[in-house]
Amino acid sequence: MQVNYVKGFKRRLGQVLGLGTSLLAIGLSGCATPPPKSDTADYQAYQQLNDPLEPTNRVFFRVNNTLDRYAMKPVAKGYVDITTQPIRNHVGYFASNINEPARTINFMAEGMPTDAGTSFMRFLINSTIGIGGIFDPASALGYKETDTDVGLTLAMWGVPPGPYLYLPVFGPSGVRDASNIPAELYGTPMELAPASDALSDFGYAEGGIHLINTRAGLLDTIDQINATALDPYATFRSLYRQSRDSQIQLIKQHDLHGANGAPGTPYYVH
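What counts, and where the lines are drawn
Residue numbers here run from 1 along each chain, matching the order of that chain's written sequence. In keeping with the model being predicted, local features are shown solely for residues with a pLDDT of at least 70 and side-chain atom pairs are shown and tallied solely at 80 or more, while totals for entire chains, interfaces and linings include all residues. Calculation of side-chain values draws on the structure's entire complement of heavy atoms; hydrogens and water are dropped beforehand. Here a strand is any run of E in DSSP of at least two residues, a helix any run of H or I of at least four, and the numbering for each starts at the N terminus. A 1.4 Å probe rolled over the protein chains alone gives each residue an accessible area, and that area as a share of the maximum for its type sets the label: buried under 20%, exposed over 50%, partly exposed in between. Residues count as neighbours in contact if any of their non-hydrogen atoms are within 4.5 Å of one another. A 1.4 Å probe and the Shrake-Rupley method give the accessible areas. Residues count as covered only by the protein chains that appear here. Whenever Lys or Arg places a side-chain nitrogen within 4 Å of a carboxyl oxygen from Asp or Glu, that contact is recorded as a salt bridge. Note on geometry: axes are C-alpha line fits, over the in-contact stretch for helices, and angles between N-to-C directions span 0 to 180 degrees. We call two directions roughly parallel when the angle between them is under 35 degrees, roughly antiparallel when it is over 145, roughly perpendicular when it lies between 65 and 115, and oblique otherwise. Note that Gly is not counted as nonpolar here; it falls among the polar residues with everything else outside the nonpolar set of Ala, Val, Leu, Ile, Met, Phe, Trp, Tyr, Cys and Pro and the charged set of Asp, Glu, Lys and Arg. By convention a nonpolar core is built from buried Ala, Val, Leu, Ile, Met, Phe, Trp, Tyr and Cys residues, the set being connected through side-chain atoms within 4.5 Å. Here, any two strands with at least 2 DSSP bridges between them count as paired. Bending is quantified residue by residue as the angle between axes fitted to the seven-residue window ending at that residue and the seven-residue window starting at it. pLDDT expresses how confident the predictor is about each individual residue, on a scale running from 0 to 100. Throughout this description, a polar contact denotes any pair of N or O atoms lying within 3.5 Å of each other; where both atoms belong to protein, one of them has to be capable of donating a hydrogen while the other can accept it, and for residues adjacent in sequence the pair is counted only when both atoms sit in side chains.

S.K.: It is not clear to me how the overall build of the chain should be interpreted in this structure. Could you clarify?
M.R.: Each helix and strand counted, the chain has 12 helices and 2 strands in total. What you see in the chain, going N to C, is helices and strands ordered as α-α-α-α-α-α-α-α-β-β-α-α-α-α. Within the span of the chain, comprising 270 residues, buried residues form 35% of the whole. Of the contacts formed within the chain by residues at least 6 apart in sequence, a portion of 66% connects residues at least 24 apart. Carbon and sulfur atoms provide 64% of the accessible area of the chain, an area that totals close to 15,100 Å².

And the structure:
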């Protein structure tokens, strides 16, 4: 009963977050007052930023920074101190392997059967020969890792990004990309397995170690931005958008090169 409740709660949380971010963008769109249209330059700059929730986003940014400074960063630094880079690589392989089924579905939705097949083969090979994904023999066999997610699939379908969002805990996002949150919460093979206390505990442990492992890989990058950027909030916003735009453009290029079943170049190889 307890496990069913926990799994149900995770599903409801994902649904609420997915809907809530859209409502947040609509309900709080007046937080930043746009300049008058007569001031052409400022108004165009405001439109280009597409950040009507900036005052609220900056509050969440400061909250996240506080949480990171006193919780996530010290834990990540301690994690680095007691592990080696190869160990952290294997943790990354394992977390990536869990997400392969979701990638397969997204590639199919994007009309990329070759990449969908590659993703499926990666999951099959790494889950068996790779001992649950701890190792990555699939890459050595020619099945290179490529990445996609729900937000990128929606972008390929023509869904606009919507206003920029800086979400508590989750960080930089947008109305369209916030759809990744519920997908990542319960779009894993573990959600399809029979409910059990052990599986539930494993899910929480995997999510926690993946979060710490990811933060550990960004220690130097985030420290440098916070130390050198005149406005770290604006820098993170710009970097996030550049990254997502680059992924979308690479998907489109890969779609052209890989059309009609012809082999294409993986667009986001880790």
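S.K.: Whenever I open this one, the pattern of salt bridges confuses me. Can you help?
M.R.: Pairs may arise between side chains of opposite charge once their charged atoms sit close together. Applying the stated criterion across every chain yields a total of 15 salt bridges. Notably, a salt bridge pairs Glu145 with Arg122, separated by 3.9 Å at the nearest N-O pair. Here the residue Glu145 occupies a position in the loop between α7 (137–140) and α8 (150–156), and Arg122 occupies one in helix α6 (residues 113–128), the gap between them amounting to 23 residues. Between Asp177 and Arg244 there is a salt bridge whose closest N-O contact spans 3.1 Å. Taken together, the positions of Asp177 in the loop between β2 (171–174) and α9 (180–186) and Arg244 in helix α12 (residues 232–257) put the pair 67 residues apart, joining distant regions of the chain. The residues Asp177 and Arg244 share a single accessibility class, namely buried. Three or more residues are tied together by salt bridges with common partners; here these are Glu100, Arg103, Arg122, Asp136, Glu145 and Asp147.

S.K.: Even after reading the chapter, I still don't get unusual backbone geometry, so can you show me in this structure?
M.R.: For residues that are not glycine, phi is negative in most cases, and the peptide bond is trans in most cases. In this structure, Ile131 takes a positive phi of about 55° despite not being glycine. Here Ile131 shows up in the loop between α6 and α7. The residue Val169 is not glycine, and still its phi comes out positive at about 75°. Among the secondary structure elements, Val169 is positioned in the loop between β1 (164–167) and β2.

S.K.: Could you clarify how one ought to interpret the packing of helix α3 (residues 54–82) against helix α10 (residues 197–216) in this entry?
M.R.: Between two packed helices, both the angle of their axes relative to each other and the distance between the axes serve to describe the pair. At their nearest, the axes of α3 and α10 sit 9 Å apart, and the two run at 85° to each other. Here α3 lies roughly perpendicular to α10, going by the angle between them. Residues Asp68, Met72, Lys73, Val75, Ala76, Tyr79 and Val80 of α3 touch α10, and the partners they reach there are Ile209, Leu211, Ile212, Asn213, Arg215 and Ala216. For the contact of α3 with α10, the per-class residue count stands at 9 nonpolar, 1 polar and 3 charged.

S.K.: Help me out: how do you make sense of the nonpolar core in this one?
M.R.: Nonpolar side chains in soluble globular proteins generally cluster together in the buried interior. By size, the foremost hydrophobic cluster in this structure holds 8 residues: Phe61, Tyr164, Tyr166, Ile222, Ile225, Tyr233, Phe236 and Tyr240. Sort the elements by how many residues they give to this core and α12 lands first, with 3 residues. Counting residues in each nonpolar core, the second largest holds 7 residues, with Phe107, Met112, Leu152 and Ala155 among its members.

S.K.: Any chance you could explain the pairing of β2 here in plain terms?
M.R.: Walk down a regular strand and you will see the side chains alternate between the two sheet faces. Two strands pair when backbone bridges link them, and β1 and β2 are joined in this way by 4 bridges, in the antiparallel orientation. Opposite Leu165, over in β2, you have Ser173 as the bridge partner. In this structure, the hairpin formed by β1 and β2 is closed by a connection of 3 residues, where Val169 is found at a positive phi of approximately 75°.

S.K.: Would you take a moment to explain α3 for this structure?
M.R.: Given 3.6 residues per turn, any residue in an α-helix points the same way as the ones three and four places further on. Largest kink in α3: about 50°, centred on Asp68. Those residues of α3 that sit buried are Thr56, Asn57, Phe61, Asn64, Asp68, Ala76 and Tyr79.

S.K.: What is the right way to look at the confidence of the model for the chain in this model?
M.R.: For residues with low pLDDT, the predicted coordinates do not support detailed interpretation. In this model, the chain carries a mean pLDDT of 81, and residues with pLDDT of at least 70 account for 73%. pLDDT under 50 marks residues 1–19. Its contacts with residues more than four places away, or in other chains, come to 28 contacts. In the predicted structure, residues 259–270 sits below a pLDDT of 50 and forms 27 contacts with residues beyond four places in sequence or in another chain.

S.K.: What should I look at first to understand helix α5 (residues 100–109) in this one?
M.R.: All of the buried residues along α5 are Glu100, Arg103, Thr104, Asn106 and Phe107. For α5, the elements touching its buried residues are α4 (85–98), α6 and α8.

S.K.: Can you walk me through the side chain of Thr83 in this structure?
M.R.: Along the chain, Thr83 falls in the loop between α3 and α4. In this structure the side chain of Thr83 is engaged in a polar contact, spanning 2.6 Å, whose partner is the backbone oxygen of Tyr79. Within the local environment of Thr83, its side chain forms a polar contact with the side chain of Arg88, the two groups lying 2.9 Å apart.

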